[in-house]
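Observations on the model geometry
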Amino acid sequence: MVQWTDFERATIQNIFGKMDYEDVGPAAFGRCLVVYPWTQRYFGNFGNLYNAAAIQANPMVAAHGKTVLRGLDKAVKNMDDIKATYAELSVLHSEKLHVDPDNFRLLADCLTIVVASRMGSDFTADVQAAFQKFLAVVVSSLGRQYH
Ligand code: HNI
């Protein structure tokens, strides 16, 4: 079971409490599709993903970016049992969507970059440490039902 310090808890709540999902979700997911183009293979029904401009303008990308953040919201609200919270979502990504679990980390890294860019100098090393720890637990929990 993961232990969280008061600082880590407060930092995660604060980041997500202030986050503009409409901005950060599409930006992070879109960035992942651009930087790691093989992740596009799971979104064959999303229409035009031809280049970075098309990806950032694609409404399905924007909608899915927000869906991912709403998924992360569940982990924020259940920080003491992220593993159980994500059991079903892990099965979905593994058995139904067949998403390579290595990709979870790539999306998490893109999210870190977008959050850092939005927070500017407030994204201190301590804040980054808490955020990356949270995302590492998310990534590990999402990969849990793979075998
Ligand atoms: Ni992911 C659907 C959460 C990473 C491919 N994904 C979802 C849904 C949530 C979700 C929530 C909606 C489930 C439902 O409909 O019941 N995904 C998350 C989270 C992460 C993540 C929290 C990591 C931080 N997903 C990824 C990655 C990929 C991915 C890295 C592929 C590269 N996800 C999918 C696909 C779907 C999906 C594909 C179905 C999309 C659709 O609309 O059909």
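Treat the numbers as computed from the prediction; the structure is a model and nothing was measured.

Although it is not a glycine, His98 sits at a positive phi angle of roughly 55°. Among the structural elements, His98 can be located in the loop between helix H6 (87-96) and helix H7 (102-119).

The positions UniProt marks with the feature "domain: Globin" (unreviewed entry) are residues 3-147. Across residues 3-147, the secondary structure splits into 71% helix and 0% strand, with the terminal C-alpha atoms separated by 26 Å.

A word on the coordination of the nickel atom of the ligand. Donor atoms from the protein around the nickel atom of the ligand number only one, His93 (NE2), found at 2.2 Å. In this fold, His93 is placed in helix H6.

Glancing now at a nonpolar patch on the surface. Residues Leu89, Leu92 and Leu97 make up a contiguous nonpolar surface patch of about 210 Å² in total accessible area. Assignment of secondary structure puts Leu89 in helix H6. Of the residues examined, Leu89 reaches a relative accessible area of 30% and is grouped as partly exposed.

Closest axis-to-axis distance for the H7/helix H8 (residues 125-142) pair is 10 Å, and the angle between their directions is 155°. In terms of orientation, H7 and H8 fall into the roughly antiparallel class. Between H7 and H8 the crossing geometry is right-handed. From H7, Phe104, Arg105, Ala108, Leu111, Thr112, Val115 and Met119 reach across to H8, where they touch Val127, Phe131, Gln132, Leu135, Val139 and Leu142. For the contact of H7 with H8, the per-class residue count stands at 10 nonpolar, 2 polar and 1 charged.

Counted under the stated rule, the structure contains 6 salt bridges. We note a salt bridge from Lys133 to Glu8, for which the minimum N-O separation is 2.9 Å. One end of the pair, Lys133, is in helix H8; the other, Glu8, is in helix H1 (residues 6-18), and 125 residues separate them in sequence. One salt bridge in this structure joins Lys66 and Glu22, with 3.2 Å as the shortest N-O distance. Of this pair, Lys66 sits in helix H4 (residues 59-77) while Glu22 is found in helix H2 (residues 21-35), placing the two residues 44 residues apart along the sequence.

Turning to the site of the ligand, a few remarks are in order. Neighbouring the ligand are 16 residues; Phe43, His64, His93, Leu97 and Asn103 lie closest to it. In this structure, a nitrogen atom belonging to the ligand sits 3.0 Å away from a side-chain N or O atom of His93. Only H4, H6 and H7 provide two or more residues apiece to the shell around the ligand. Looking at the shell around the ligand, the element that brings in the most residues is H4, giving 4 residues. For the shell around the ligand, the residue count by class is 11 nonpolar, 5 polar and no charged.

Definitions and limits used
- Residues numbered from 1 in each chain as written.
- Predicted model: local features only at pLDDT ≥ 70, side-chain atom pairs only at ≥ 80, totals over all residues.
- Heavy atoms only, no water.
- Helix = DSSP H or I, 4+ residues; strand = E, 2+ residues; numbered from the N terminus.
- UniProt positions renumbered as here; feature names shortened; annotations may be inferred.
- Donors = N, O, S within 2.8 Å, 3.2 Å for Na, K, Ca; no water.
- Patch = residues over 30% accessible without salt bridge, like charges linked within 9 Å, V, L, I, M, F, W, Y side chains within 5 Å.
- Areas by Shrake-Rupley, 256 points an atom, 1.4 Å probe, with all protein chains shown as cover.
- Salt bridge = Lys/Arg side-chain N within 4 Å of Asp/Glu carboxyl O.
- Buried < 20%, exposed > 50% of the residue type's maximum accessible area, 1.4 Å probe, protein only.
- Axes fitted to C-alpha atoms, helices over the stretch in contact; angles between N-to-C directions.
- Parallel < 35°, antiparallel > 145°, perpendicular 65-115°, else oblique.
- Left-handed = near helix turned anticlockwise from the far one by under 90°.
- Contact = heavy atoms within 4.5 Å.
- Nonpolar A, V, L, I, M, F, W, Y, C, P; charged D, E, K, R; others polar.
- Near = heavy atom within 4 Å.
- Polar contact = N/O pair within 3.5 Å; in protein donor to acceptor, adjacent residues only side chain to side chain.

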